[in-house]
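Inside the fold
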Amino acid sequence: MALIEVRNLRKQYHDFLALDNVSLTAQSGQLVTLLGPSGCGKSTTLRCLAGFLEPNGGSINVDGESIVSVPPNRRDFGVVFQNYALFPHMTVADNIAYGLKLRKYSRGEIETRVFDVMKLVRLTGLDDRYPRQISGGQQQRVALARALVLKPRLLLLDEPLANLDARLRDEVRWLIRDIQQQSGITAFYVTHDQAEAMAISDMVAVMKSGRVAQFASPREIYQKP
Ligand code: ADP
Ligand code: ADP
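The rules behind the values
- Residues numbered from 1 in each chain as written.
- Chains lettered and ligands numbered in written order.
- Predicted model: local features only at pLDDT ≥ 70, side-chain atom pairs only at ≥ 80, totals over all residues.
- Heavy atoms only, no water.
- Pairing = 2+ DSSP bridges.
- Helix = DSSP H or I, 4+ residues; strand = E, 2+ residues; numbered from the N terminus.
- Axes fitted to C-alpha atoms, helices over the stretch in contact; angles between N-to-C directions.
- Contact = heavy atoms within 4.5 Å.
- Near = heavy atom within 4 Å.
- Polar contact = N/O pair within 3.5 Å; in protein donor to acceptor, adjacent residues only side chain to side chain.
- Areas by Shrake-Rupley, 256 points an atom, 1.4 Å probe, with all protein chains shown as cover.
- Nonpolar A, V, L, I, M, F, W, Y, C, P; charged D, E, K, R; others polar.
- Buried < 20%, exposed > 50% of the residue type's maximum accessible area, 1.4 Å probe, protein only.
- Parallel < 35°, antiparallel > 145°, perpendicular 65-115°, else oblique.
- Left-handed = near helix turned anticlockwise from the far one by under 90°.

Quick notes on the sheet that holds strand 9 (residues 203-208)
The mixed open sheet is built from six strands, whose spatial order is 6-7-8-3-9-10. The outermost strands of the open sheet, each flanked by one partner alone, are strand 6 (77-81) and strand 10 (211-216). Taken over all neighbouring pairs, the strand axes of this sheet differ in orientation by 15 degrees on average, direction set aside. Here strand 3 (residues 31-35) pairs with strand 9 via four bridges, running parallel. By the bridge assignment, Val 32 is partnered in strand 9 with Met 203. Across the sheet, helix 1 (residues 42-50) is in contact with strand 3, strand 6, strand 7 (154-158), strand 8 (186-191) and strand 9; its angle to strand 7 comes to roughly 150 degrees.

Observations concerning the pairing of strand 1 (residues 4-13)
Taken together, the seven bridges between strand 1 and strand 2 (residues 16-26) define a ladder with antiparallel strand orientation. Along strand 2, the bridge assignment pairs Leu 9 with Val 22. Between strand 1 and strand 2, which pair antiparallel in sequence order, lie two residues; one of them, His 14, sits at a positive phi of approximately 50 degrees. In the sheet, strand 1 pairs with strand 4 (residues 57-62) via five bridges, with the strands oriented antiparallel. Within strand 4, the residue paired with Glu 5 across the bridge is Asn 61.

Digging into the site of ligand 1
Surveying the vicinity of ligand 1 reveals the residues Tyr 13, Phe 16, Ala 18, Pro 37, Ser 38, Gly 39, Cys 40, Gly 41, Lys 42, Ser 43 and Thr 44. A distance of 3.0 Å separates an oxygen atom of ligand 1 from a polar backbone atom of Gly 41. For ligand 1, an oxygen atom lies 2.8 Å from a polar atom in the backbone of Ser 43. Summarising the interface, the protein chains cover 61% of the accessible area of ligand 1, which totals 560 Å² for the free molecule. The leading source of residues in the shell around ligand 1 is helix 1, at three residues. Partitioned by chemical class, the residues of the shell around ligand 1 number five nonpolar, five polar and one charged.

Concerning the pairing of strand 3
Counting buried positions along strand 3 gives five out of five residues, so the element sits mostly inside the fold. Covered by surrounding structure in strand 3 are Leu 31, Thr 33 and Leu 35 together with Val 32 and Leu 34, the residues of both alternating faces. Across five bridges, strand 3 lies against strand 8 in parallel orientation. Residue pairing in the sheet places Thr 33 in a bridge with Tyr 189 of strand 8.

Focus on the packing of helix 2 (residues 92-102) against helix 3 (residues 107-120)
Where helix 2 contacts helix 3, the two axes come as close as 10 Å, and the packing angle between them is 125 degrees. Our classification of the angle between helix 2 and helix 3 gives oblique. Note on packing geometry: the crossing formed by helix 2 with helix 3 is right-handed. Residue-level inspection shows Val 92, Ala 93, Ile 96, Ala 97, Leu 100 and Lys 101 of helix 2 in contact with helix 3, the latter providing Ile 110, Arg 113, Val 114, Val 117 and Met 118.

Put into structure tokens, the structure is as follows:
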């Protein structure tokens, strides 16, 4: 539940300008999608938001405060990346509880939060399974639960459906949107799939060669000839 303002973000890889003055706003509780073809700068934008990459210019403000120099572990953001692998040697419940244990939450609090979040993402009963013993869709829901259990103020999702087959993709997509709306969490969502973007977003940033070519609601974008 936060207002995110990205202004004139620039990111250079050596002499290649990957982000050329990217500006975006997510109002509190909105899901904003970054849409565009491979290589247009979607992941770079998300990694700058997450704090995994340092931009060369521009600002990122959360509720009016700059976070550009705040390290990733202090940003209080949940991240679900396409290849954000689960720990294979840990059970589902331990994977989800990991961040809470690092932060020294009490055992009771951890149990309650893990139980609640597993119910939310519909994984109840799978506590003791290992990642290899559950489906791809279930694994991605574990990744989602692992992010949500920390009650982050912003959720970052980078092609979370990319490794799923078509049927699971629909299921996980609607689950993500449902949870995002119910919890009122602000989210950025990366995809190259236009139909997916139109279906789940409050706002869409259409990216092209490191720039935001259009920033509008799905309805406005859809009505354009
Ligand atoms: P997208 O997520 O839209 O596919 P990326 O943000 O991953 O795009 O990449 C944007 C551009 O920056 C691409 O041309 C990509 O090849 C380039 N790029 C990404 N990461 C690096 C890197 N670490 N070093 C050099 N170039 C990179
Ligand atoms: P995505 O499109 O999901 O961002 P990519 O397959 O483009 O993923 O990139 C995977 C990894 O390779 C990222 O860490 C990215 O930064 C890096 N990368 C992408 N393009 C380049 C490039 N041209 N040179 C060096 N690293 C790159």
